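# Understanding the architecture of this molecule
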Amino acid sequence: MRIDVHAHYWTEEYLDLLIGLGKADAGAAGGLGAGGGAELEARLRLMDRAGIEMQVLSAAPQMPYGEDGEKAAAASRFVNDQYADLVERHRDRFRAFAALPMPHVAESLGEMRRALDELRMAGVVMNTTVLGRALVEPEYEPIFAELNNRAAVLYLHPAGNNACSPLIGEHHLTWMVGAPVEDTISVMHLITNGIPTRYPNIRIINSHLGGALPMLLRRVDDQYRWEAPRTPEPPSVSARRMWYDTVAHGHVPALRCAIDSFGADRLLLGTDFPYENGDIFLRAVEYINDPQIDTGAARAILDQNTSALLGIG
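Here goes a summary of the coordinates provided. (Residues numbered from 1 in each chain as written. Predicted model: local features only at pLDDT ≥ 70, side-chain atom pairs only at ≥ 80, totals over all residues. Heavy atoms only, no water.)

## Looking at unusual backbone geometry
The omega torsion of the bond from methionine 102 to proline 103 falls at 10 degrees, within 30 degrees of zero and hence cis. Mapped onto the elements of the fold, proline 103 is located in the loop between strand E3 (94-99) and helix H4 (105-118). The backbone of histidine 208 sits at a positive phi, close to 55 degrees, despite the residue not being glycine. Relative to the helices and strands, histidine 208 is located in the loop between strand E8 (203-206) and helix H9 (213-227). On the basis of relative accessibility, which here comes to 13%, the residue histidine 208 falls in the buried class. (Helix = DSSP H or I, 4+ residues; strand = E, 2+ residues; numbered from the N terminus. Buried < 20%, exposed > 50% of the residue type's maximum accessible area, 1.4 Å probe, protein only.)

As structure tokens, then:
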């Protein structure tokens, strides 16, 4: 079954809630084609053109994060209820990942249980950082423990915060460079803190081929013992315990590197809709069938890996 694991959906009502949480840039996500009504119908037509049978929707990077726990929890419930309703109405076309009201751990655990047990969502989505803080901070350990107990899927997406670097943000590189840098840092945080080994039941999906990680595996294997000596195993081993979506803007050399580095069985089709729309959306699927990609690997990435991981189809 051809499933797109990296696709976004936001309504204007939800974006308004985020603005109320203090997320000033949330309004910019409106009008991109990721909403309901006519936008949803256009999305379905585009999916049909690309041969995509199903999308797994996520609210990232427009997440219900904020210092006000009550408002964050309300926004989280709102968006998860919206997603559950959409999935119920289009069960053959959509699934969704649940958003949590981070950094509020108790509220996030409660919403995770509600979303997975009552709403039957496909997993949980988090940004690679929470209001500028790493996911591997000790106070977030209960989130990983609960995900592990449930053998849940955890999908990670860049926050769009320039990796907290003015060298990125002040030079107009937030999404061109900053997003894959965020991916790279996040995956390495997980690896050096032993998340894949301490919580082996979590099925972690990283965005954008893991950022620069496919090109860095030998480097980090050579250097982790002196720079991050508490890393429990070679990073290349931990890296292969996780999964990565194929959003690479159709760049075949990047896909080849990821296949060689992680194995084709660790790659999942992703399009990054609506940021990749129209012909660029079609290219996000078509490039996996490039002649430079082994046909068996392409078939697994396009039609087998995601359905097996999520238990769909």
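What follows continues from the structure just given.
## Overview of the packing of H9 against helix H11 (residues 252-262)
One can describe the packing of H9 onto H11 by two numbers: an axis separation of 8 Å at closest approach and a directional angle of 40 degrees. Between H9 and H11, the interaxial angle falls into the category oblique. Only Cys257, Ala258, Ser261 and Phe262 of H11 make contact with H9, whose side of the interface consists of Leu213, Pro214, Met215 and Leu217. Partitioning the contact of H9 with H11 into residue classes produces 7 nonpolar, 1 polar and no charged. (Axes fitted to C-alpha atoms, helices over the stretch in contact; angles between N-to-C directions. Parallel < 35°, antiparallel > 145°, perpendicular 65-115°, else oblique. Contact = heavy atoms within 4.5 Å. Nonpolar A, V, L, I, M, F, W, Y, C, P; charged D, E, K, R; others polar.)

## Comments concerning the packing of aromatic side chains
Under the criterion given, the structure shown has 7 aromatic pairs. On the basis of an interplanar angle of 25 degrees and a centroid distance of 5.5 Å, the ring pair of phenylalanine 97 and tyrosine 155 is categorised as stacked. Here phenylalanine 97 is found in strand E3, whereas its partner tyrosine 155 is found in strand E7 (residues 153-157), with 58 residues between them in sequence. Note on phenylalanine 273 and phenylalanine 281: the rings are 5.8 Å apart at their centroids and 85 degrees apart in plane angle, and the pair reads as edge-to-face. Neither phenylalanine 273 nor phenylalanine 281 differs from the other in exposure class; each is buried. (Phe/Tyr/Trp six-rings, centres within 6.5 Å; stacked < 30°, edge-to-face > 60°.)

## Here's the deal with the pairing of strand E4 (residues 123-127)
Of all the 5 residues making up E4, 5 are buried; the element is thus mostly covered by neighbouring parts of the structure. With 3 bridges joining them, E3 and E4 adopt parallel strand pairing. Bridging across to E4, alanine 98 finds its partner in valine 124. As a crossover connection, the stretch from E3 through H4 into E4 is right-handed. Note: E4 against E7, 4 bridges, orientation parallel. Residue valine 124 lies in a different strand from E7, and its bridge partner there is leucine 154. (Pairing = 2+ DSSP bridges. Right-handed = clockwise from strand over helix to strand, strands pointing away.)

## Description of the nonpolar core
Met126, Ile143, Ile205, Leu213 and Leu267 are the most contacted members of the largest nonpolar core, which has 101 residues in total. Beyond its immediate chain neighbours, meaning those up to four positions away, leucine 213 contacts Thr184, Val187, Met188, Ile191, Ala239, Tyr244 and Phe262. (Core = buried A, V, L, I, M, F, W, Y, C linked by side-chain atoms within 4.5 Å.)

## Remarks on the sheet that holds E8
Spatially, E1-E2-E3-E4-E7-E8-E9-E10 is the arrangement adopted by the 8 strands of the open sheet, whose pairing is parallel. The open sheet has two edge strands with one neighbour each: strand E1 (3-8) and strand E10 (267-268). Relative to E10, strand E9 (residues 243-245) runs parallel, the two being bridged by 2 bridges. Bridging from a neighbouring strand, tyrosine 244 pairs with leucine 267 of E10. Contacting strand E2 (54-58) and E3, helix H3 (residues 69-89) runs over the sheet at an angle of about 170 degrees to E3.

## Regarding helix H1 (residues 12-20)
When H1 is considered as a whole, its buried residues turn out to be Tyr14, Leu15 and Leu18. Projected down its long axis, H1 shows its buried positions confined to an angular sector of 100 degrees, all on one face. Its buried side turned inward, H1 meets H3. Where H1 terminates, the next one or two residues include glycine 22, which has phi positive at roughly 100 degrees. (Arc of directions from axis to C-beta.)

Take it as geometry only, folks, not as evidence of what the structure does.
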